[in-house]
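A look at the structure
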Amino acid sequence: MSICLNFGVSEETFGHAYLRFDDTNPIKESEEYVSAIKRDVYWLGFDWKERLTHASDYFDQLYSAAVTLIEGGLAYVDSLNADEIREYRGTLTKPGRNSPHRDRSIEENLDLFERMRKGEFADGEYLLRAKIDMSSPNINLRDPVLYRIRHIVHQRTGDIWNIYPMYDFAHTMSDAFEGITHSLCTLEFEDHRPLYNWFLDQLKPPHLPRQIEFSRLNLAYAITSKRKLNALVEEGIVEGWDDPRMPTIAGMRRRGYPAIALRDFVKRAGVTKKNKLIEMGVLENCVRESLGDESERRMAVLRPLKVVLTNYPDDKVEMMEAMNHPNCPEMGTREIPFSKNLWIERDDFMEDAPRKFFRLKPGGEVRLRFGYIIRCDDVIKNDVGEVVELHCSYDLDTRSGTGSSDRKVKGTIHWVSCRHAVDATVRLYDRLFTEVNPNLAEDFRAVLNTRSLEIVSAKLEPSLVKLKPETAVQFERLGYFCIDNKEHSANTCVINRIVTLRDSWAKLEKQAMQQQSKI
RNA sequence: UGGGGCGUAGCCAAGCGGUAAGGCAUCGGGUUUUGAUCCCGUGUACCGCAGGUUCGAAUCCUGCCGCCCCAGCCA
């Protein structure tokens, strides 16, 4: 989301964004991670053109800048160990103390730093620190570490360096080297800004960048912490970083959220300094909005119930013409086979239906979308009283589009011909957590939504087999669905539900339930 | 209890001394062979609270309250 913000903001206001990887810590970085980010940014529709950089591109310049600081008496080589450093730093309320090595001569510092670079010392033996103020109320100014020794092969610079710069130093100076005007980052770096400016004040580079902070975007019922997201993957709670329930770019992509919707969402959330927790509804609205116009309509039955048209000829098959988009005739039509035995949605039949239920009920009539009006004559049940089949009769005069009958019925339902149906595995996703802000939970595992994934065996209209992975369609009356980009194949259809349609009936039902529970 | 931030409707968010935009959600209504879409309409917001300055304050001042961040040789 930060990617989106940086590129989005730059696109609208300043013009150009850099995609820089701050690869200052060789034990944490990997090329795999870099290419994943690049892939995500590109997919979102942003183009960094030639502005793809790495902090490691500037290691030489960074080293020179560090030498300049030493020469100016503004940095020194320390030989305290990690525990001592922490102890000397003081606490939030107590000032720190100067390191006993703080007053080494410039010559000695220069010599030691040079030898650190050459690899004469072991990891942790020496450290380059800025000489600022150990009693500063801002802990970042208490002689922050500039360089540490790391005898590790760096993925880009190999083994030529034995010392690596810290983020604050590298980031500030890289911004300056690149001529960055606005360096955008998140709120937690506000305390680092005085240090950022200190580097600029002391080193006086020709270009002076400015750091500007904004708040993170938090999504309701989701976590964004990389550590926790990683735990979800490691512990097998989700299937990977691209699990469609993950709030990662890869996850949302696989889920079927269009890039444009994500960008729109970030834009609507705005850029401020307020900690925000945005409702899912905003994201879903963006997704529905972009998919509503773009995606073609299809019919699919998620939880099939068989319907037999008793008065329809056994072997007859009619091809029904269906619009690919009700509001855009230019998107064309397709033909859907219709026959005696059909699948309809279980939810579209109710034996004891309330007054306002205008789908199928015993003795009731309903229109089959793009087909005929049918009436439910018989309800067939099994031994335990479950409805297994409906016997209906169709009205020959009501064929869709013929106009030979003005007869109107209140409800229209979708269907798929049994003989022609294509089987598919459809995965229905829901929020991963049961708490609005799972970040607040002592253990996020305790607030996991155990029903975040439901897998159903669905019946699809035949035209769906032609679709390629990552294409999104609307299953009429159900929602938007996306062909899975990983597990779908010609033989096995695997489809993800992106988001449901708005459903005012479901809302009514819910309200009715709540009314009942009150009584 | 050191420092840095933030508080405008359920969720976001404009506004920056002249009498509270907009989006999402909600709730009504209309169109509809998707209970979708679309179209109309719908909010008494003590502008965190309390004082003060002013003809006039969400905007300026003071005090208070609440929430977030910071003690990596991580980024």
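Here is a short report on the structure shown in this document. Worth saying up front: this structure is predicted, and the values here are computed from it rather than measured. Along each chain, residue indices are assigned from 1 in the same order as the chain's sequence is written. Each chain gets a letter, beginning with A, and each ligand a number, beginning with 1, in the order they are written. Predicted model: local features are reported for residues with pLDDT of at least 70 only, side-chain atom pairs are reported and counted for 80 or more only, and whole-chain, interface and lining totals are derived from all residues. Side-chain metrics in this entry use all non-hydrogen atoms of the structure; hydrogen atoms and water are not considered.

1. A few points about the overall build of chain A
Secondary structure follows DSSP: runs of H or I at least 4 residues long count as helices, runs of E at least 2 residues long count as strands, and numbering of each begins at the N terminus. Along its length, chain A carries 12 helices and 26 strands. In this treatment the radius of gyration is a C-alpha quantity, and the globule benchmark scales as 2.2 Å times the residue count to the 0.38 power. A compact globule built from 519 residues would reach a C-alpha radius of gyration of about 24 Å, whereas chain A, at 31 Å, exceeds it by more than 25%. Expressed as a percentage of the 519 residues in chain A, the buried residues total 49%. When contacts within chain A are restricted to residue pairs at least 6 apart in sequence, those whose partners lie at least 24 apart make up 67%. Mean positive and mean negative side-chain charge positions of chain A (74 and 81 charges, respectively) differ by 4 Å. Accessibility here uses a 1.4 Å probe with only protein chains present; expressed as a share of the type maximum, an area under 20% marks a residue as buried, one over 50% as exposed, and anything in between as partly exposed. Note on contacts: a residue pair is in contact if any heavy atoms of the two residues lie within 4.5 Å. Counted as positive: Lys and Arg. Counted as negative: Asp and Glu, with His and the chain ends omitted from the count. Taken as the charge location is NZ of Lys, CZ of Arg, CG of Asp or CD of Glu.

2. Quick look at the pattern of salt bridges
Here a salt bridge means any side-chain nitrogen of Lys or Arg lying within 4 Å of a carboxyl oxygen belonging to Asp or Glu. Overall, the coordinates contain 47 salt bridges when judged by the stated rule. For aspartate 264, the salt bridge is made with arginine 268, and the minimal N-O distance between the two is 3.0 Å. Taken together, the residues span about one helical turn, with aspartate 264 and arginine 268 both in helix H10 (residues 259-269) at a distance of 4 residues. Residues arginine 288 and glutamate 284 are paired through a salt bridge, measuring 4.0 Å at the closest nitrogen-oxygen approach. Note that arginine 288 and glutamate 284 are positioned in helix H11 (residues 280-294) at a spacing of 4 residues, about one turn of the helix. The partly exposed category is assigned to glutamate 284, whose relative accessible area is 25%. Each of Asp242, Arg254, Arg427, Asp484, Lys486 and Glu487 takes part in one network of salt bridges that share partners.

3. Some details on the protein's contact with RNA strand B
Of all residues adjacent to RNA strand B, which total 64 residues, the nearest are Thr24, Arg150, Ser400, Arg502 and Ser504. Within 4 Å of the protein, the contacting atoms of RNA strand B are drawn from sugar and phosphate to the extent of 65%. Between RNA strand B and the protein, one listed contact pairs a base nitrogen with a side-chain N or O atom of glutamine 474 at 2.6 Å. Those elements that place two or more of their residues in the surface near RNA strand B are helix H4 (82-89), strand E5 (145-149), H10, strand E10 (276-278), H11 and helix H12 (504-518). The biggest single contributor to the surface near RNA strand B is H12, with 4 residues. Each residue is tested against the molecule or strand, and it is near if at least one of its non-hydrogen atoms lies within 4 Å. Two N or O atoms count as a polar contact when they lie within 3.5 Å, although within protein this holds only if one can serve as hydrogen donor and the other as acceptor, and sequence-adjacent residues are included solely when both atoms are side-chain atoms.

4. Examining the pairing of strand E23 (residues 453-460)
Within a regular strand, the side chains alternate between the two sheet faces. Pairing analysis gives 2 bridges linking strand E12 (residues 300-301) to E23, with the strands arranged antiparallel. Within the sheet, the bridge partner assigned to alanine 300 lies in E23 and is leucine 460. Only strands joined by at least two bridges in the DSSP assignment are considered to pair. By the bridge criterion, 8 bridges tie strand E22 (residues 422-429) to E23 in an arrangement that is antiparallel. Across the sheet, the residue bridging to tyrosine 429 is leucine 453, located in E23.

5. Observations concerning helix H6 (residues 167-178)
In this model H6 runs 16 Å from its N-terminal to its C-terminal C-alpha over 12 residues, within 8% of the 16 Å that 1.5 Å per residue would give. Here H6 lies mainly inside the structure; 9 of its 12 residues are buried. Listed as buried for H6 are Phe169, Ala170, His171, Thr172, Met173, Ser174, Asp175, Ala176 and Glu178. At the exit of H6 stands glycine 179, carrying a positive phi of roughly 75 degrees. Working rule for helices: expected span equals 1.5 Å times residues minus one.

6. Let's talk about the packing of aromatic side chains
By convention, a stacked pair of Phe, Tyr or Trp rings (six-membered ring in the case of Trp) has centres within 6.5 Å and planes under 30 degrees apart, an edge-to-face pair has planes over 60 apart, and any other such pair is tilted. Evaluated as defined, the whole model comprises 20 aromatic pairs. Ring geometry for tyrosine 63 against phenylalanine 113: centres 4.8 Å apart, planes inclined by 15 degrees, an arrangement best described as stacked. Here tyrosine 63, found in helix H3 (residues 59-71), pairs with phenylalanine 113, found in helix H5 (residues 106-118); they are 50 residues apart in sequence, far enough to count as distant. Accessibility classification places tyrosine 63 together with phenylalanine 113 in one group, the buried group. Here the aromatic rings of phenylalanine 475 and phenylalanine 481 are separated by 4.3 Å at their centres, their planes lie at 20 degrees, and the arrangement is stacked. Exposure remark for phenylalanine 481: the relative accessible area of 1% places this residue in the buried category. Through a chain of ring-to-ring contacts, three or more aromatic side chains come together here, namely Phe59, Tyr63, Phe113, Tyr147, Trp161, Tyr164, Phe169, Trp198 and Phe199. Cation placement over rings: the criterion is NZ of Lys or CZ of Arg within 6 Å of the ring centroid and within 35° of the ring normal. Between the NZ or CZ atom of arginine 117 and the centre of the ring of tyrosine 63, over which it lies, the distance is 5.3 Å. Of note, arginine 431 hangs over the ring of tyrosine 221, and the distance from its end group to the ring centre comes to 3.8 Å.

7. Notes on the sheet that holds E5
Pairing within the open sheet is antiparallel, and its 4 strands lie in the order E3-E4-E5-E6. Single-partner strands in this sheet number two, and they are strand E3 (75-78) and strand E6 (163-165). Strand-to-strand twist in this sheet, taken as the mean axis angle between neighbours without regard to direction, amounts to 20 degrees. Two strands pair when backbone bridges link them, and E5 and E6 are joined in this way by 3 bridges, in the antiparallel orientation. Bridge pairing links tyrosine 147 to proline 165 in E6. To obtain each axis, a line is fitted to C-alpha atoms, and for helices this fit is confined to the stretch in contact; angles are then taken between N-to-C directions over 0 to 180 degrees. Its contacts with the sheet place H5 against E3, strand E4 (127-130), E5 and E6, and it is angled at close to 65 degrees to E3.

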